[in-house]
Amino acid sequence: MASLFASGLLAAPLIATGTASAAPPETDLVLAVHEAETGVETTRLTCDPAAGEHRLAQAACGEIEAAGGDFTQLPGTDPQVCTFDYRPVTAIAFGSWRGEPVRYVQEFPNRCVMEQETGTVFSF
């Protein structure tokens, strides 16, 4: 039993190395938007190639790429007029971006402001 365990430990780095060189690190994200009135909406987004349930997967992956995977640096959209209605919305992302862990939670005063600051990433 010990020899099987030891051989598994020795083989693990070889498997990981072979996988890493064959494909780019995985991007697999769960995105969620929570509003008190409507509850939680979620979608899954994968990139390289862009796929998943996100209706604007290609654009969302491009925006995350432009931010270097840093959700606090998303390029957002062109400025638009947002109302001053206070209907808090929380944007959540977790998973991995090219192998790096992602944990993002940000509250915005309303959906319009969220979309203006995060672009298409949370527009699903």
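For the structure itself, look to the data block above.
Residue numbers here run from 1 along each chain, matching the order of that chain's written sequence. Under the rules for a predicted model, residues below a pLDDT of 70 receive no local features and side-chain atom pairs below 80 are neither given nor counted, while totals for whole chains, interfaces and linings still include all residues. Calculated side-chain values reflect all of the structure's heavy atoms, with hydrogen atoms and water omitted.

Asker: Where do I start with the overall build of the chain in this structure?
Answerer: Numbering of helices and strands runs from the N terminus; a helix is a DSSP stretch of H or I covering at least four residues, while a strand is a stretch of E covering at least two. Helix and strand counts for the chain come out as 3 helices and 5 strands. If you list the helices and strands of the chain from N to C, you get α-β-β-β-α-β-β-α. Only protein chains enter the accessibility calculation, which uses a 1.4 Å probe; a residue whose area is less than 20% of its type maximum is buried, one above 50% is exposed, and one in between is partly exposed. Every one of the 124 residues in the chain was classed for burial, and the buried ones make up 33%. Note on contacts: a residue pair qualifies if any of its non-hydrogen atoms lie within 4.5 Å across the two residues. Contacts in the chain between residues far apart in sequence, at least 24 positions, make up 54% of those at least 6 positions apart.

Asker: How should the pairing of strand β5 (residues 100–108) be read in this particular structure?
Answerer: Strand residues, when the strand is regular, have side chains that alternate between the two faces of the sheet. Taken together, the 9 bridges between strand β4 (residues 89–97) and β5 define a ladder with antiparallel strand orientation. From the neighbouring strand, Ser 96 faces β5, where its bridge partner is Pro 101. Only strands that DSSP links by at least two bridges are regarded as paired with each other. Between β4 and β5, which pair antiparallel one after the other, the connecting turn spans 2 residues, and Arg 98 there sits at a positive phi close to 50 degrees.

Asker: What should I look at first to understand the nonpolar core in this one?
Answerer: Soluble globular proteins tend to bury their nonpolar side chains together. Counting residues in each nonpolar core, the largest one holds 24 residues, and the members touching the most others are Leu 31, Leu 45, Ile 64, Phe 71, Val 121 and Phe 122. Only β1 (28–35), α2 (57–66), β4, β5 and α3 (111–118) provide two or more residues apiece to this core. Beyond its immediate stretch of four places on either side in the chain, Phe 122 contacts Leu 31, Ala 32, Val 33, Phe 71, Leu 74, Ala 91, Ile 92, Ala 93, Tyr 104, Arg 111 and Met 114. Among buried residues, the Ala, Val, Leu, Ile, Met, Phe, Trp, Tyr and Cys ones that are joined through side-chain atoms within 4.5 Å form a nonpolar core.

Asker: Is there a simple way to think about unusual backbone geometry in this case?
Answerer: Residues other than glycine predominantly adopt negative phi, and peptide bonds predominantly adopt the trans conformation. Here Asp 48 and Pro 49 are connected by a cis peptide whose omega angle stands at 5 degrees. Tracing the chain through its elements places Pro 49 in the loop between β2 (39–46) and β3 (51–52). Although it is not a glycine, Asp 48 adopts a positive phi angle of roughly 65 degrees. Along the chain, Asp 48 falls in the loop between β2 and β3. Assessed through its relative accessible area of 37%, Asp 48 is described here as partly exposed.

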